[in-house]
Amino acid sequence: MVETDKKREAIIEGAIKRFIHYGINKTTMNEIAEDLSVSKPSLYYYFPDKNSLVLGVIEKIFNDYFEMVEKDQFADVPLEDCMAGFIEIRHRFFQKYYMLHLSGGSPDSSLNSDELKEHFMNMHGKNIQLHADIFQRSIDKKEIAPMETYKTAELYLDSLAGITSLCILHGNKELFPSKKEMKNILERQLSLSRIFIKGLK
């Protein structure tokens, strides 16, 4: 069982490398099998189709993200510092997996399947709840005023996502944002977070 899990993880890691470099839509199962020097029957044993492999990749990325933020969420630091830490983690993931973000734009993209959309929504809900729980702890510590934590967390995350979208929209129109643009996204998100949290006090 451990060997099976290792093989599955190796396939996912290989798929992530190719997806990041070429995008999901331009990558075939045959290319992934060749990259990893595994037979096609072996690849299809673990992932019956490309959609199931994409789901495995997305699950891996989200699991890694939540492992990092959940590790830090109980740190005894002010809310502003806690949120800043989360923004920096999220920004690192955004930079690393930006090509996967681009792959979702095509109507025939594997990222547009109902199963994956449902998975994205579940993970988004989990992220909102994680932030809502942190807001609630800050309320309990009288660090911020009482409010509807889930709705506030949803608005907070949507606001951060809006900054990313606007910065990309008004960027240099290259395939990948420049270092300057990435830095701008991070700085604006951190500024918004500070203003948002001050408004909760």
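Residues numbered from 1 in each chain as written. Predicted model: local features only at pLDDT ≥ 70, side-chain atom pairs only at ≥ 80, totals over all residues. Heavy atoms only, no water.

Per an unreviewed UniProt entry, the protein chain goes by the name TetR/AcrR family transcriptional repressor of mexJK operon and belongs to Pedobacter africanus.

Novice: Give me the lowdown on the side chain of glutamate 181, citing residues and values where you can.
Specialist: Mapped onto the elements of the fold, glutamate 181 is located in helix α9 (residues 179-200). The class of glutamate 181 is buried, set by a relative accessible area of 17%. (Helix = DSSP H or I, 4+ residues; strand = E, 2+ residues; numbered from the N terminus. Buried < 20%, exposed > 50% of the residue type's maximum accessible area, 1.4 Å probe, protein only.)

Novice: Go over the nonpolar core, please, and point to the residues and values.
Specialist: Core analysis: the biggest nonpolar cluster contains 50 residues, and Phe19, Leu53, Val57, Met83, Phe135 and Tyr156 have the highest contact counts within it. For this core, the secondary structure elements donating two or more residues are α1 (2-22), α2 (29-36), α3 (40-46), α4 (50-72), α5 (79-96), α7 (114-140), α8 (149-169) and α9. For this core, the element with the most residues is α4, which contributes ten residues. For tyrosine 156, the contacting residues outside a window of four places in its chain are Met83, Ile87, His131, Phe135, Ser193 and Phe196. By size, the runner-up hydrophobic cluster in this structure holds six residues, among which are Phe94, Tyr98, Ile163 and Ile185. (Core = buried A, V, L, I, M, F, W, Y, C linked by side-chain atoms within 4.5 Å. Contact = heavy atoms within 4.5 Å.)

Novice: Quick one: what's the story with the packing of α4 against α7, residue by residue and with numbers?
Specialist: Two numbers describe how α4 lies on α7: the axes approach to 10 Å, and their chain directions differ by 5°. Between α4 and α7, the crossing angle belongs to the class labelled roughly parallel. Contacts between α4 and α7 involve Asn51, Val54, Leu55, Ile58, Glu59, Phe62, Tyr65, Phe66, Val69 and Glu70 from the former and Glu115, Leu116, His119, Phe120, Met123, Lys126, Asn127, Leu130 and His131 from the latter. (Axes fitted to C-alpha atoms, helices over the stretch in contact; angles between N-to-C directions. Parallel < 35°, antiparallel > 145°, perpendicular 65-115°, else oblique.)

Novice: Could you give an account of α5, naming the residues involved and the relevant values?
Specialist: Between the first and last C-alpha of α5 there are 26 Å, a value that for 18 residues agrees with the 26 Å anticipated at 1.5 Å per step. The set of residues buried in α5 consists of Leu79, Cys82, Met83, Phe86, Ile87, Ile89, Arg90, His91, Phe93 and Phe94. (Expected span 1.5 Å × (residues − 1).)

Novice: An account of the environment of glutamate 148 is needed here, citing residue identities and associated values.
Specialist: You can see glutamate 148 is positioned in the loop between α7 and α8. Under the relative-accessibility criterion, glutamate 148 is labelled exposed at 53%.

Novice: Pulling in residues and values, what's your account of the side chain of threonine 164?
Specialist: Within the secondary structure layout, threonine 164 lies in helix α8. The buried category is assigned to threonine 164, whose relative accessible area is 12%. In contact with threonine 164, other than residues within four places in its own chain, are Phe94, Ile185 and Gln189.

Novice: I'd like a description of unusual backbone geometry, backed by residues and values.
Specialist: Phi is positive for serine 37, close to 55°, though the residue is something other than glycine. Checked against the element boundaries, serine 37 lands in the loop between α2 and α3. Given a relative accessible area of 68%, serine 37 falls into the exposed group.

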